[in-house]
Amino acid sequence: MVVHEWWGLNDNIRAATERLAGEGYVALAVDLYGGKVATTPDSATALMRAAGGNVEGNRANLSAAIDYLRAEGAKKVGTIGWCFGGRWSLQAGLVGGPRVQAVVMYYGSPITDPAQLQALQAPLLGLFGSQDQGIPIDSVKAMAAALDKLGKNETVQFFAAGHGF
């Protein structure tokens, strides 16, 4: 399952999804913006905020996408997302429980609350920029520490880069 960045389900995300399908995966790009695509940073911010106000609806969307992938023959489900999609990739792992086998989040806002993270059953790979001005390294390290304390399988890596590397 591919979760779009703050621009929405645009041609870039469609191409990433098609590349995964070309590698033999059953690939599905989810749309958390209801068909809207941003063309400016202001419109992306507005769409992202609107999606943030629909947490339960978006979690239901992710859960339905997991079920759809299973129905289409996916024996295992992994999620991947960038930025906005990185956080929602993690949310897919939380809502999916045992139905999700891998979570990849590229520079998504971390979740540090152990009560929320407890639901994660899949291994998590988090990839972050050490020079990212939007996602504090301390919050990423706090998420990793919370996951470790819960006994979760997590790998967090930092790269000498800013946001969106």
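Use the structure listed above.
Please read all numbers here as calculations on a predicted model, not as lab measurements.

1. Thoughts on the nonpolar core
The biggest cluster of nonpolar side chains holds 43 residues, and the ones touching the most others in it are M1, L62, L90, L124 and M143. If you tally residues by element for this core, the top one is helix 4 (residues 84-96), at 5 residues. Residues within four places of L62 in sequence aside, it is in contact with M1, V3, V30, L32, W88, Q91, A92 and V95.

2. Focus: the packing of helix 3 (residues 55-71) against helix 4
One can describe the packing of helix 3 onto helix 4 by two numbers: an axis separation of 9 Å at closest approach and a directional angle of 70°. On the basis of the axis angle, helix 3 is roughly perpendicular to helix 4. Within the contact between the two elements, helix 3 uses V55, N58, R59, L62, S63 and I66 and helix 4 uses W88, Q91, A92, L94, V95 and G96. Class assignment for the residues of the contact of helix 3 with helix 4 results in 7 nonpolar, 4 polar and 1 charged.

3. Thoughts on the pairing of strand 6 (residues 154-159)
Looking along a regular strand, one sees the side chains alternate between the two faces of the sheet. Examined bridge by bridge, strand 5 (residues 124-129) and strand 6 share 6 bridges and lie parallel to one another. Paired with L124 across the two strands is E154, which belongs to strand 6. The parallel pair strand 5 and strand 6, bridged by helix 6 (residues 137-149), forms a crossover whose chirality is right-handed.

About the cut-offs
- Residues numbered from 1 in each chain as written.
- Predicted model: local features only at pLDDT ≥ 70, side-chain atom pairs only at ≥ 80, totals over all residues.
- Heavy atoms only, no water.
- Core = buried A, V, L, I, M, F, W, Y, C linked by side-chain atoms within 4.5 Å.
- Buried < 20%, exposed > 50% of the residue type's maximum accessible area, 1.4 Å probe, protein only.
- Helix = DSSP H or I, 4+ residues; strand = E, 2+ residues; numbered from the N terminus.
- Contact = heavy atoms within 4.5 Å.
- Axes fitted to C-alpha atoms, helices over the stretch in contact; angles between N-to-C directions.
- Parallel < 35°, antiparallel > 145°, perpendicular 65-115°, else oblique.
- Nonpolar A, V, L, I, M, F, W, Y, C, P; charged D, E, K, R; others polar.
- Pairing = 2+ DSSP bridges.
- Right-handed = clockwise from strand over helix to strand, strands pointing away.

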